[in-house]
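A structural walkthrough
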Amino acid sequence: MSAKNGAKIFKQRCDQCHTVEAGAKHKTGPNLNGLIGRKTGSAPGFDYTAANKNKGITWGKDTLDVYLTNPKKYIPGTKMVFAGLKKKKDRDDLIAYLVKSTK
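Here is a short report on the structure shown in this document.

Quick notes on the rules
Residues numbered from 1 in each chain as written. Predicted model: local features only at pLDDT ≥ 70, side-chain atom pairs only at ≥ 80, totals over all residues. Heavy atoms only, no water. Core = buried A, V, L, I, M, F, W, Y, C linked by side-chain atoms within 4.5 Å. Buried < 20%, exposed > 50% of the residue type's maximum accessible area, 1.4 Å probe, protein only. Helix = DSSP H or I, 4+ residues; strand = E, 2+ residues; numbered from the N terminus. Phe/Tyr/Trp six-rings, centres within 6.5 Å; stacked < 30°, edge-to-face > 60°. Contact = heavy atoms within 4.5 Å.

1. A look at the nonpolar core
If you look at the biggest cluster of nonpolar residues, it comprises 21 residues, and the most contacted ones within it are Phe10, Trp59, Tyr67, Leu68, Leu94 and Leu98. By residue number, the principal contributor to this core is helix H5 (residues 88-101), which donates five residues.

Okay, structure coming up:
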């Protein structure tokens, strides 16, 4: 897993809708700071769909891997338009970056 490569993937595929820095504003998607260990649909101040609020899982490496494969399949009704990352290595690298950058 390469957090460095994950940072590149984040910039290319996620940055337009998400931020990771503590105190950064929400964009189209929520700020991801504090993501690991947080329940779906619970970032303060972001207007989530009922699907996200009601999913009831806690974000971790395993749940992120499934979600990032196909977000709309994992949380039907999510408003996230991202199609997903099909390559396991890309997901692993992105997750390594998110674990490091969202603490």
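2. Some thoughts on the packing of aromatic side chains
Under the definition given, this model contains four aromatic pairs. Note on Phe10 and Tyr97: the rings are 5.4 Å apart at their centroids and 45° apart in plane angle, and the pair reads as tilted. Within this pair, whereas Phe10 is found in helix H1 (residues 3-13), its partner Tyr97 is found in helix H5, the two being separated by 87 residues in sequence. Summarising the aromatic geometry, the rings of Phe46 and Tyr48 are spaced 4.8 Å apart at their centres and angled 70° between planes, so their arrangement reads as edge-to-face.

3. Details of the environment of Ile57
Here Ile57 is to be found in the loop between helix H2 (50-55) and helix H3 (61-69). Spatially, the C-alpha atoms of Ile57 and Met80 are 17 Å apart, while their sequence positions differ by 23 residues. Those residues within four positions of Ile57 in sequence are excluded, and the remaining contacts are Arg38, Lys39, Thr40, Thr63 and Tyr74.

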